[in-house]
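Fold and contact review
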Amino acid sequence: MEDIEDLLVGNGGAPPGFRLPISASVGVNPKMKRRQQQTILNKHSAIQGSLNVPHSPKIPGTQTIYMKTFGCSHNQSDSEYMAGQLSAFGYVLTDNPEDAHLWIINTCTVKSPSQSAMETLISRGRIAKKPLVVAGCVPQGSCDLKELEGVSIVGVQQIDRVVEVVEETLKGHEVRLLTRKTLPALDLPKVRKNKFVEILPINVGCLGACTYCKTKHARGHLGSYTVDSLVERVRTVIGDGVKEIWLSSEDTGAYGRDIGVNLPVLLKAIAAELPSDGSTMLRIGMTNPPYILEHLKDIADVLRHQCVYTFLHVPVQSGSDAVLSAMNREYTVGEFRTVVDTLYELVPGMQIATDIICGFPGETDEDFAQTVSLVEEYKFPQVHISQFYPRPGTPAARMKKVPSAVVKKRSRELTTIFESFTPYNGMEGKVERIWITEIATDGIHLVGHTKGYVQVLVIGPETMLGTSAVVKITSVGRWSVFGEVIETLNQVKGSIVSSEAKPSADKCTPCFSLEENCACFKGPETCGCEMSSCGSEVSSCRGTNTHGECTFSFPKNKLTNWMLRKRKNHSRKMENGTVSEREVKLEWSRGRIREWAAFDKALLAGILVSLLTIVIVLYTSFFGARCLNN
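A short tour of the structure in this document, coming up. Predicted model, so just to flag it, every value in this text is computed and none were measured.

**Digging into the sheet that holds strand β10 (residues 244-248)**
The parallel open sheet is built from 3 strands, whose spatial order is β7-β10-β11. In the strand order of this sheet, the two ends are held by β7 (197-201) and β11 (281-283), each with one partner. Neighbouring strand axes in the sheet, compared pairwise and without regard to direction, differ in orientation by 20° on average. As defined by bridge partners, β10 adjoins β11 across 3 bridges and the pair is classed as parallel. Bridge pairing in β11 places glutamate 244 opposite methionine 281. Sitting on the sheet, helix α2 (residues 73-88) touches β7 and β10, and the angle it makes with β7 is about 105°.

**Brief notes about the packing of aromatic side chains**
For the coordinates displayed, the defined rule picks out 10 aromatic pairs. Measuring from centroid to centroid gives 5.6 Å for tyrosine 66 and tryptophan 103, while their planes differ by 65°, and the two rings are edge-to-face. Taken together, the residues span a long stretch of sequence, with tyrosine 66 in strand β1 (residues 64-69) and tryptophan 103 in strand β3 (residues 102-107) at a distance of 37 residues. Each of the two residues, tyrosine 66 as well as tryptophan 103, counts as buried. Grouped by ring-pair contacts, the aromatic residues Tyr309, Phe311, Trp435 and Tyr453 constitute a single cluster. Sitting above the plane of the phenylalanine 418 ring, arginine 478 keeps its charged end 4.6 Å from the centroid. In this structure, arginine 478 is placed above the aromatic ring of tryptophan 479, and the distance from its NZ or CZ to the ring centre is 4.3 Å.

**A short note on the pattern of salt bridges**
What the rule picks out here adds up to 17 salt bridges. The salt bridge involving lysine 190 is made with glutamate 198; its shortest N-O contact spans 3.2 Å. Exposure class is identical for lysine 190 and glutamate 198. Each is buried. The salt bridge partner of lysine 409 is glutamate 413, with a shortest N-O separation of 4.0 Å. Placement of both lysine 409 and glutamate 413 in helix α13 (residues 404-419) is noted, with a separation of 4 residues, approximately one turn of the helix. Three or more residues joined by partner-sharing salt bridges are found here, namely Glu80, Lys190, Arg192, Glu198, Arg233 and Asp240.

**With respect to unusual backbone geometry**
The residue lysine 129 is not glycine, and still its phi comes out positive at about 60°. By the element assignment, lysine 129 lies in the loop between α3 (112-127) and β4 (132-136).

**Digging into the state of the cysteines**
In total, this model carries 0 disulfides according to the counting rule given. Between cysteine 137, a free cysteine, and cysteine 72, which holds the nearest cysteine sulfur, the sulfur-to-sulfur gap is 6.4 Å. Owing to a relative accessible area of 7%, cysteine 137 belongs among the buried residues under this scheme.

**Some points on the pairing of strand β16 (residues 445-449)**
Burial of β16 is extensive: 5 of the 5 residues sit out of reach of the surface. Connecting strand β15 (residues 431-439) to the next strand, β16, in antiparallel fashion are 5 residues, including glycine 443 with a positive phi near 80°. Relative to strand β17 (residues 455-459), β16 runs antiparallel, the two sharing 5 bridges. By the bridge assignment, valine 447 is partnered in β17 with leucine 457. Hairpin connection from β16 to β17: 5 residues lie between these consecutive antiparallel strands, with tyrosine 453 at a positive phi of about 65°.

**Comments concerning the environment of glutamine 370**
Checked against the element boundaries, glutamine 370 lands in helix α12 (residues 365-378). Taking the C-alpha atoms as reference points, glutamine 370 and serine 320, 50 residues apart in sequence, are found 5.9 Å from one another. In this structure glutamine 370 touches Gly319, Ser320 and Asp321, once residues within four positions along its chain are discounted.

**Digging into helix α9 (residues 296-303)**
If you check which residues of α9 are buried, you get Leu296, Ile299, Ala300, Val302 and Leu303. Buried positions in α9, seen along its axis, are confined to an arc of 160° and lie on one side of it. In this structure, the buried side of α9 is in contact with α8 (263-271), β12 (311-313) and α11 (333-346).

**Considerations on the packing of α12 against α13**
At their nearest, the axes of α12 and α13 sit 10 Å apart, and the two run at 15° to each other. In terms of axis orientation, α12 runs roughly parallel to α13. Along this stretch, α12 crosses α13, giving a crossing that reads as right-handed. Between α12 and α13, the residues in contact are Asp365, Phe368, Thr371, Val372, Val375 and Glu376 and Arg410, Glu413, Leu414 and Ile417, respectively.

**Section: the side chain of threonine 252**
With respect to the secondary-structure elements, threonine 252 resides in the loop between β10 and α8. A distance of 3.5 Å separates a polar side-chain atom of threonine 252 from the backbone oxygen of glycine 285. When near neighbours in sequence (up to four residues on either side) are disregarded, threonine 252 contacts Ile202, Leu263, Ile284, Gly285, Met286 and Thr287.

**Quick look at the sheet that holds strand β13 (residues 351-358)**
Overall, parallel pairing links the 3 strands, which are arranged β12-β13-β14 in an open sheet. Pairing within the sheet leaves two strands with one partner each, and these edge strands are β12 and β14 (382-387). For this sheet, the mean angle separating the axes of adjacent strands, direction not counted, is 15°. Sheet topology places β13 next to β14; 6 bridges connect them, and they run parallel. Each residue of the ladder has a partner; that of isoleucine 357, found in β14, is serine 386.

**Comments concerning the packing of α8 against α9**
For any two helices packed against each other, the geometry comes down to the angle between their axes and how far apart the axes lie. Here α8 crosses α9 at 15°, and the two axes come no closer than 9 Å. Relative to α9, the element α8 is oriented roughly parallel. Every pair of crossing elements has a handedness; the one defined by α8 and α9 is left-handed. Facing Leu263, Pro264, Leu267 and Lys268 of α8, the residues of α9 in contact are Asp298, Ile299 and Val302. The class makeup of the residues in the contact of α8 with α9 is 5 nonpolar, no polar and 2 charged.

**Side note on helix α5 (residues 162-170)**
A large share of α5 lies buried, amounting to 7 of its 9 residues. Among all positions in α5, only Val162, Val163, Val165, Val166, Glu167, Thr169 and Leu170 are buried. On its buried side, α5 packs onto β1, α2, β3, β4, β5 (152-154) and β6 (176-177). Directly after α5, the chain includes glycine 172, whose backbone phi takes a positive value near 100°.

Basis of the calculations
- In every chain, residue numbers begin from 1 and rise along the written sequence.
- Since the coordinates come from a predicted model, pLDDT governs what is reported: local features require at least 70, and pairs of side-chain atoms require 80 or more to be given and counted, while whole-chain, interface and lining totals use all residues.
- Heavy atoms from the whole structure form the basis of all side-chain values; hydrogens and water molecules are not counted.
- What makes two strands pair is DSSP finding at least two bridges between them.
- The helix and strand labels rest on DSSP assignments: H or I over at least four residues marks a helix, E over at least two residues marks a strand, and numbering proceeds from the N terminus.
- Angular values range over 0 to 180 degrees, each being the angle between N-to-C directions of two axes fitted as lines to C-alpha atoms, with helices fitted over their stretch in contact.
- Whether two residues are in contact is decided by their heavy atoms: any pair within 4.5 Å suffices.
- When the centres of two rings from Phe, Tyr and Trp lie within 6.5 Å, Trp using its six-membered ring, the rings pair. Their planes under 30 degrees apart give stacked, over 60 give edge-to-face, and anything left gives tilted.
- Residue burial is assigned from relative accessible area. The probe radius is 1.4 Å, only protein chains are included, and a residue is buried under 20% of its type maximum, exposed over 50%, and partly exposed in between.
- Only lysine NZ and arginine CZ atoms are considered, and such an atom sits over a ring when it is within 6 Å of the ring centre and within 35 degrees of the ring normal.
- The rule for a salt bridge is simple: a side-chain nitrogen of Lys or Arg has to be within 4 Å of a carboxyl oxygen of Asp or Glu.
- By definition, disulfides here are pairs of cysteine sulfur atoms that lie within 2.5 Å.
- Directions drawn from the helix axis to the C-beta atoms are what define this arc.
- By definition in this entry, angles of less than 35 degrees are roughly parallel, angles greater than 145 are roughly antiparallel, angles of 65 to 115 are roughly perpendicular, and the rest are oblique.
- Left-handed describes a crossing in which the near helix is turned anticlockwise from the far one by less than a right angle; the clockwise case is right-handed.
- Think of a polar contact as two N or O atoms within 3.5 Å of one another; within protein, one of them needs to be a possible hydrogen donor and the other a possible acceptor, and neighboring residues in sequence only count if both atoms come from side chains.
- Amino acids are sorted into nonpolar (Ala, Val, Leu, Ile, Met, Phe, Trp, Tyr, Cys and Pro), charged (Asp, Glu, Lys and Arg) and polar (every other residue, Gly among them).

Structure (structure tokens):
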């Protein structure tokens, strides 16, 4: 997850020295640019001045907080809850670390790279002399790390006390809250990363004991929320306007086994609360094979529900029973096949994603060949491939390692095989319903998903966010497909109003090759104790430059296009307000600019006059020289 969005409570936050009551309501603001954040800070200062209270970073609730989150969707949900509580108490959240009085770093312990990123950020914070609060799985599982010396710590089950930790840290105190207690309440204030998506943790911990997993050290044994509390939360977020609910867990399949219920009971109860018009969709989180084997038919029934995505993440990790035994995964390859085959048979359009760890200690060439064979057989549309990372304190860290060169070779080989698949080739020309929840990072496309959770990129106004649409798939790429909107389904006071999409005079064609996905859409990572499911954001971006940014091909050899592309003013005033940069990009993607502003006309006239002057000067000089020679 990227940084939490800014939020201004009320009309500028709580007055200095006062406390706003914690409300169960959810505050959401779209992502703000730096100058917008400065406007918030100016308003905050104005309120302080009107109350004749001098601004001071010593007064609780007047500071700005920077928050960075690593890892899975469960971590993202924890950050959203912490951000909500801080905002409710008057703190201002910023995505600019330089402007913040304190940094909160929510960490992931699944893989070494994510922990290294945490250590780098802590080092930067110390150099900048920022008070630091470290949350998440790293301090909960390894609180004695040298890098955590001198910083405050809040445990994974202590997120409801983040305000206390922040206040004490700002006073110069070091606070450590790690004791596990009852589960945090689900109705705490929350600031969502995406206002249309609710990440709902259904339990913490798991029942497994995988030999490579460090997350178990942090999240602990299984602890499930009650069905009633989760159903009540679903009702609340639907009322808030949420359009997607993601069930998050270290192992969704194990839900309820500690409180005498099971996953199908919960799923059916939640599905019964979803609007019958299909305006809000449910996505079931990652589940390991052992705990869903006995419930496959019931889970298939839920997946066929019109408001449930026919998508499931089922990690296999290896195609070799010998390796699975060394991992202590508690299932065989045959049982994994049973899960996949049953769901494919019972659920039309079922999409399954999986995980693979390459180079687990003791993995032989034959073991790896079995993994390759399994992946080639099923041709999964999504495979999260990871090299093995030994995590301190785990049994696998003491096992004899496969040479790193061999691990890298196997990872590259499997990646090449996976990327050769074309899972969406048969979709071109089909008509699909999609649910649109965000803007792709290219600034042009909107991101939607089919019922099978296939990513569809469409061009349309931002007013389509949070709606459903019927689209025709116009082309397919390796990582997503492109669609053309046929009909938009707008939610108006709980009902759906259909509106035919107006045909455009010009055909909407993306400004880059349709054979590759250059939308750079970053989806949240899957959660749990899976080696390949956390640690860094998964990007489906292709066609990028050396900085990892999307590259675009604009129309060439046109003087007017060149002039407009060089304009420094990226927004223009119209009668109905300011046109956003995304709308300007949208016009570029369609190969046209609808109207010329006065500046454009003046610029073109100036260039034409200059060219004419140059021609006259050259012409005069040429004939003047000839006359002198004669």
